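One-letter residues, chain by chain:
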Amino acid sequence: MVRTSIKKVVRAIEAKDVELAKAEYAAAVPVIDRMADKGIIHKNKAARHKSRLNAQVKALSA
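Residues numbered from 1 in each chain as written. Predicted model: local features only at pLDDT ≥ 70, side-chain atom pairs only at ≥ 80, totals over all residues. Heavy atoms only, no water.

An unreviewed UniProt entry lists the protein chain under the name Small ribosomal subunit protein bS20, from Endozoicomonas lisbonensis. In its Function (unreviewed entry) section, the UniProt entry covering the protein chain states "Binds directly to 16S ribosomal RNA." The heading Sequence similarities (unreviewed entry) in the UniProt record of the protein chain holds the text "Belongs to the bacterial ribosomal protein bS20 family." (UniProt positions renumbered as here; feature names shortened; annotations may be inferred.)

Here's what the structure looks like:
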């Protein structure tokens, strides 16, 4: 689930679709957090994914 949600955000960024990228990022964050809480991925890895995706979405907006 985490990889799929991340891929959706990356595809939207590559397509240069700002609104879709923001929507997919907003949908991906709870999934990433949920998996970190369950221990599927480490909390630092979750934070790193969220930070990098958010930076890319913001750069696309600018």
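Moving on, there is more to tell.
(A) Geometry of the overall build of the protein chain. Helix and strand content of the protein chain: three helices and zero strands. Going residue by residue from the N terminus, the α and β elements of the protein chain occur as α-α-α. Compactness check: the protein chain gives a C-alpha radius of gyration of 11 Å against a globular reference of 11 Å for 62 residues, within 12% of the reference. Counting only C-alpha atoms and orienting by the principal axes, one finds that the protein chain spans roughly 35 × 15 × 15 Å. Within the protein chain, counting contacts between residues at least 6 apart in sequence, those at least 24 apart form 63% of the total. As presented, the protein chain carries roughly 4,300 Å² of accessible surface, and 53% of it is formed by carbon and sulfur atoms. Taking the average location of the 14 positive side-chain charges in the protein chain and that of its 6 negative ones, the two points are 8 Å from each other. (Helix = DSSP H or I, 4+ residues; strand = E, 2+ residues; numbered from the N terminus. Rg over C-alpha atoms; globule rule 2.2 N^0.38 Å. Contact = heavy atoms within 4.5 Å. Areas by Shrake-Rupley, 256 points an atom, 1.4 Å probe, with all protein chains shown as cover. Lys, Arg positive; Asp, Glu negative; His and termini not counted. Charge placed at Lys NZ, Arg CZ, Asp CG, Glu CD.)

(B) Region of the structure containing the nonpolar core. Judged by nonpolar contacts, the single largest core of 17 residues is most densely connected at Val2, Val9, Ile13, Ala21, Ile32, Ile41 and Val57. Of all elements in the fold, only helix H1 (2-14), helix H2 (18-38) and helix H3 (43-61) reach the threshold of two or more residues within this core. Examining the composition of this core, we find that seven residues originate from one element, H2, more than from any other. The residues touching Val9, leaving out its near neighbours within four places in the chain, are Ala21, Glu24, Tyr25, Ala28, Leu53 and Val57. (Core = buried A, V, L, I, M, F, W, Y, C linked by side-chain atoms within 4.5 Å. Buried < 20%, exposed > 50% of the residue type's maximum accessible area, 1.4 Å probe, protein only.)

(C) Summary view of the side chain of Ser5. Residue placement: Ser5 occurs in helix H1. Ser5 gets classed as buried once you look at its relative accessible area, which sits at 10%. Once you skip the residues sitting within four places of it in the chain, Ser5 turns out to touch Ala28 and Val31.

(D) Structural context of the environment of Val18. When you line up the elements, Val18 lands in helix H2. For the pair Val18 and Arg3, spaced 15 residues apart in sequence, the C-alpha to C-alpha distance is 20 Å. Discounting residues that sit within four places of it in the chain, Val18 has contacts with Leu60 and Ser61.

(E) Seen up close, the packing of H1 against H2. Close contact between H1 and H2 brings their axes to 9 Å; oriented N to C, the two are set at 160°. Between H1 and H2, the angle falls in the class roughly antiparallel. Our pair here, H1 against H2, has a crossing hand that is left-handed. Contact residues: H1 offers Val2, Ser5, Ile6, Lys8, Val9, Ala12 and Ile13, while H2 offers Leu20, Ala21, Glu24, Tyr25, Ala28, Val31, Ile32 and Met35. Residues that form the contact of H1 with H2 fall into these classes: twelve nonpolar, one polar and two charged. (Axes fitted to C-alpha atoms, helices over the stretch in contact; angles between N-to-C directions. Parallel < 35°, antiparallel > 145°, perpendicular 65-115°, else oblique. Left-handed = near helix turned anticlockwise from the far one by under 90°. Nonpolar A, V, L, I, M, F, W, Y, C, P; charged D, E, K, R; others polar.)

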